[in-house]
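Spelled out from the first residue to the last, the chains are:
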Amino acid sequence: MSIFWALLRRELASFFLSLTGYVLIAAVTLVIGSSFVMLIRNLGTDPVSMPVTELFFNSLMYWLVVILMTPAITMRLFAQEKASGTFETLMTTQVSDVQVVAAKFLAALTFYVVTWLPSLGSLLLVQRWTHQPRLDGGMLASLYLGIFLSGGLFLAIGCLASSMTRSQMVSAVVSLAVGVLLFTLAYMAQVMPVTGLSVADPLLYFNLFKQMEDFTRGVVDTQVVIFYLSATGFFLFLTLRVVESRRWK
């Protein structure tokens, strides 16, 4: 267990002790902050029918940030070490493949969560200056659960992409392409009519827009949670298999 924590601290240090990590946090905060400024200007002081949490996080802007941010976070996890030759050295030590994958994924997930923390302050400012109803603690918890689960899925995809190449750019492009594919499936599930045996029925599991809408309203569907956890676990399993295959090359 001590080896795992050492690996986790090493990965966290690569995010929080480098200029790149803080540039990414600043960029995401700037985009989120600008979006909330636009919300304040558009809302004025008139109350709205929907929760403040839904105004931004149930929008295309949120998914744009996630789709672009997660490849930037994950592209270096495996690819950079492979390019520098340190990955082969790491894999010859007394460390398991599961520990390596888990440490890198948890470090990326932790950094992802930190990048969204400033959004809580933005929500409070919007609620304060637009005189909206007081934010509910349960609704906030549901919102950030949705952010956590959706981010975990896209980060797991990025981990798989990074584990398959030595090029950070290739990793980012592949991760972005899969993210856009999921976004497209979500759009199809959103616009296609659903009937008894419609082809759209399986797409309902990929309706990320509707799922996030529920989270922003304080609704937590256990089926959605299971879907995100299962999909994230699937991509992490594939990442593990890729890492394991390198031991025998």
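Residues numbered from 1 in each chain as written. Predicted model: local features only at pLDDT ≥ 70, side-chain atom pairs only at ≥ 80, totals over all residues. Heavy atoms only, no water.

Asker: Describe the packing of aromatic side chains, listing the residues and the values that go with them.
Answerer: Aromatic rings in a pair are described by how distant their centres are and how their planes are angled relative to each other. Scanning the model with the defined rule gives 11 aromatic pairs in all. On the numbers, 5.4 Å between centres and 45 degrees between planes, the contact of Tyr62 with Trp116 is tilted. Of the two residues, Tyr62 is situated in helix 4 (residues 60-74) and Trp116 in helix 7 (residues 97-116); the sequence distance between them amounts to 54 residues. Residue Tyr62 is classed as buried on the basis of its relative accessible area of 0%. The cationic tip of Arg76 hangs over the ring face of Phe15; the distance from NZ or CZ to the ring centre is 5.2 Å. Across from the ring centre of Phe78, 5.3 Å away, lies the NZ or CZ of Lys104, which sits over that ring. (Phe/Tyr/Trp six-rings, centres within 6.5 Å; stacked < 30°, edge-to-face > 60°. Helix = DSSP H or I, 4+ residues; strand = E, 2+ residues; numbered from the N terminus. Buried < 20%, exposed > 50% of the residue type's maximum accessible area, 1.4 Å probe, protein only. Lys NZ or Arg CZ within 6 Å of the ring centre and 35° of its normal.)

Asker: Go over the environment of Leu149 with me, naming the residues and quoting the values.
Answerer: Inspection of the secondary structure puts Leu149 in helix 9 (residues 137-163). As a C-alpha pair, Leu149 and Val225 span 76 residues in sequence and 7.4 Å in three-dimensional space. Here Leu149 is in contact with Phe215, Val225, Tyr228, Leu229 and Thr232, once residues within four sequence places are set aside. (Contact = heavy atoms within 4.5 Å.)

Asker: Tell me what's going on with the side chain of Ser150, and back it up with residues and numbers.
Answerer: If you trace the backbone, Ser150 turns up in helix 9. Reaching out from Ser150, the side chain makes a polar contact with the side chain of Tyr62 at a distance of 2.7 Å. A polar contact of 3.3 Å, which involves the side chain of Ser150, links it to the backbone oxygen of Ile147. For Ser150, the residues in contact, after removing those within four places along its chain, are Tyr62, Trp63, Tyr112 and Tyr228. (Polar contact = N/O pair within 3.5 Å; in protein donor to acceptor, adjacent residues only side chain to side chain.)

Asker: Any chance you could break down the nonpolar core for me, citing the residues and the numbers?
Answerer: Counting 62 residues, the largest nonpolar core has Phe57, Tyr62, Ile73, Tyr112, Trp116 and Tyr228 as its most contacted members. The element best represented in this core is helix 9, accounting for 11 residues. If we skip the residues at most four places from it in the chain, Phe57 touches Phe36, Tyr62, Trp116, Ser119, Leu123, Leu143, Ile147, Met212 and Thr216. (Core = buried A, V, L, I, M, F, W, Y, C linked by side-chain atoms within 4.5 Å.)

Asker: An account of a nonpolar patch on the surface is requested, with residue identities and associated values reported.
Answerer: Together, Val31, Met61, Leu64, Leu68, Leu176 and Val180 line one region of the surface with nonpolar side chains, adding up to about 450 Å² of accessible area. Elements with a minimum of two residues in the nonpolar patch: helix 4 and helix 10 (168-191). Looking at the nonpolar patch, the element that brings in the most residues is helix 4, giving three residues. (Patch = residues over 30% accessible without salt bridge, like charges linked within 9 Å, V, L, I, M, F, W, Y side chains within 5 Å. Areas by Shrake-Rupley, 256 points an atom, 1.4 Å probe, with all protein chains shown as cover. Salt bridge = Lys/Arg side-chain N within 4 Å of Asp/Glu carboxyl O.)

Asker: I'd like a description of helix 10, backed by residues and values.
Answerer: A rise of 1.5 Å per residue sets the reference length of helix 10, with its 24 residues, at 34 Å; its end C-alpha atoms lie 35 Å apart and thus fit the reference within 8%. For helix 10, the complete set of buried residues consists of Ser171, Ala172, Ser175, Gly179, Leu182, Leu185, Ala186 and Ala189. Packing partners of the buried residues in helix 10 comprise helix 4, helix 9 and helix 11 (208-216). Measuring from the backbone nitrogen of Met169 back to the side-chain oxygen at the start of helix 10 gives 3.4 Å, which picks out Ser167 as the cap. (Expected span 1.5 Å × (residues − 1).)

Asker: Could you give an account of the packing of helix 7 against helix 9, with specific residues and numbers?
Answerer: Axis separation between helix 7 and helix 9 bottoms out at 10 Å; the angle between their running directions is 140 degrees. The angle between helix 7 and helix 9 places the two elements in the oblique class. Like other packed secondary-structure pairs, helix 7 and helix 9 cross with a definite hand, here right-handed. Contact residues: Phe105, Ala108, Leu109, Tyr112, Val113 and Trp116 in helix 7; Tyr144, Ile147, Phe148, Ser150, Gly151, Gly152, Leu155, Ala156 and Cys159 in helix 9. Per-class residue counts for the contact of helix 7 with helix 9 are 12 nonpolar, three polar and no charged. (Axes fitted to C-alpha atoms, helices over the stretch in contact; angles between N-to-C directions. Parallel < 35°, antiparallel > 145°, perpendicular 65-115°, else oblique. Left-handed = near helix turned anticlockwise from the far one by under 90°. Nonpolar A, V, L, I, M, F, W, Y, C, P; charged D, E, K, R; others polar.)

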